[in-house]
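# An overview of the molecular structure
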Amino acid sequence: MPEQLGRMVHSDLAGQYLLGPVIAHGSGRWTILVRPDDTHQLANDTDIFVALLRASATIVPDGGEILLPSPADERTGYRRWVVAPRDAFRPHISTVVQSIIICADRTAHHHYGFQKPDQPRDQP
């Protein structure tokens, strides 16, 4: 997901004591490592797919690979831990997806002035 959205999701999950490892990429995107319990079901849900697409967020499919930060990556800033793993805890993917959708909705409506579909902008 984009870094700004990642920061909001990070804050939301931390406030619920559900924050697991988070990776920042040099491309300005963040990855939250999760328990992949419902990955296939979530990835095939059209409403969730569209909501994540609008948020510029994706779910890595089952069997997909996520590159973890190496010491060299950390030194160059190419890839770094925002929150390093401290134990085996990973939030459920459905919890993270819900947070992404809620935070993206807040961002879209309050920070950038976007409206929900079929709602006109307020006139000045």
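You'll find the structure just up there.
My aim in this report is to walk through the structure given alongside it, one point at a time.

About the criteria used
Residues numbered from 1 in each chain as written. Predicted model: local features only at pLDDT ≥ 70, side-chain atom pairs only at ≥ 80, totals over all residues. Heavy atoms only, no water. Patch = residues over 30% accessible without salt bridge, like charges linked within 9 Å, V, L, I, M, F, W, Y side chains within 5 Å. Areas by Shrake-Rupley, 256 points an atom, 1.4 Å probe, with all protein chains shown as cover. Salt bridge = Lys/Arg side-chain N within 4 Å of Asp/Glu carboxyl O. Buried < 20%, exposed > 50% of the residue type's maximum accessible area, 1.4 Å probe, protein only. Helix = DSSP H or I, 4+ residues; strand = E, 2+ residues; numbered from the N terminus. Contact = heavy atoms within 4.5 Å. Polar contact = N/O pair within 3.5 Å; in protein donor to acceptor, adjacent residues only side chain to side chain.

## A word on a nonpolar patch on the surface
- A cluster of nonpolar residues, F49, V50 and L53, forms a patch on the protein surface that exposes about 280 Å² of accessible area.
- For L53, a relative accessible area of 56% translates into the label exposed.

## Comments concerning the pattern of salt bridges
- This structure, assessed with the given rule, holds two salt bridges.
- E3 is the salt-bridge partner of R7, the closest N and O atoms lying 2.6 Å from each other. Of this pair, R7 and E3 are both found in helix α1 (residues 3-15), four residues apart, which corresponds to roughly one turn of the helix.
- Between D73 and R79 there is a salt bridge, with the nearest N and O atoms lying 2.8 Å from each other. In this pair, the class of D73 matches that of R79, namely buried.

## A look at the side chain of S99
- Mapping S99 onto the fold places it in helix α5 (residues 93-111).
- Apart from residues lying up to four places away in sequence, S99 is in contact with V9, D12 and L13.

## Some remarks on helix α3 (residues 46-54)
- Here α3 starts with a cap whose side-chain oxygen sits 3.0 Å from the backbone nitrogen of D47, and that cap is D45.
- Phi for S56, located one or two positions after α3, is positive at around 60 degrees.

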